[in-house]
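# A closer look at the structure
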Amino acid sequence: MKKVFYSLWIMASIVSLVMCSKSSPLEEKALTESVKEANKTIVVDPEAVEAELVAMVNEHRASIGASELALSPSSYEHAEAHNNYMISKNKLSHDNFQTRASEIASETGAVEVGENVARFYSSADSALEGWLNSASHKRTLEGDFTHTTLSVQLDQDGRAYFTQIFMRVELSSQ
């Protein structure tokens, strides 16, 4: 009798567990769609994102009364090299910033250099929003700078890494 009771109890438990975890067809469809959306490959055009993000940074700066940043093409290689470094380490960092800043200052005559980095954003909008929601990144973005350069590089999985360098170049140094 105990065997029958335990067998029935086990069967009832299994049926109960299966029924409790069963989703409705609508719930299953919504879950499937959200998983598909989360796993959707997003194609990022790095050059387009660079141009759009620099324009958006300048628009934001104008909205708060800060000066527009001129492009510094000669500093691009430093931003690109730092993205490649972060990709190789699979981490977000400001590693070697002082060395990078010194080289940029020497090459451009900059008296101040700042940097914002980010990764895994799929658009210029989302990267800017991330920076504006971070006090230190926002302070750099809105700082007393005159020039900028921005590199967006993709890792092997197509995820974007961002390095934006900000420089203040005195008029007499240009």
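Here, every reference points to the structure presented above.
Structural notes, computed from the coordinates. Owing to the predicted nature of the structure, the values given are computational and were not obtained by experimental measurement.

## What to know about the pairing of strand β3 (residues 147-154)
- Burial within β3 is extensive, with seven of its eight residues counted as buried.
- As judged from the two bridges shared by strand β1 (residues 70-71) and β3, these two strands associate in the parallel manner. Opposite A70, over in β3, you have H147 as the bridge partner.
- Judged from the eight bridges that link them, β3 and strand β4 (residues 160-169) form a sheet pairing that is antiparallel. Bridge pairing in β4 links S151 to T163.
- Between β3 and β4, which pair antiparallel in sequence order, lie five residues; one of them, G158, sits at a positive phi of approximately 80°.

## Description of the pattern of salt bridges
- Under the defined criterion, the tally for this structure stands at seven salt bridges.
- With a shortest N-O distance of 2.8 Å, R159 and D155 are connected by a salt bridge.
- Here R168 and E170 are joined by a salt bridge, their closest N and O atoms 3.3 Å apart.
- Bridged by salt links that share partners, the residues E112, D144, R168 and E170 form one connected network.

About the cut-offs
- Residues numbered from 1 in each chain as written.
- Predicted model: local features only at pLDDT ≥ 70, side-chain atom pairs only at ≥ 80, totals over all residues.
- Heavy atoms only, no water.
- Buried < 20%, exposed > 50% of the residue type's maximum accessible area, 1.4 Å probe, protein only.
- Helix = DSSP H or I, 4+ residues; strand = E, 2+ residues; numbered from the N terminus.
- Pairing = 2+ DSSP bridges.
- Salt bridge = Lys/Arg side-chain N within 4 Å of Asp/Glu carboxyl O.

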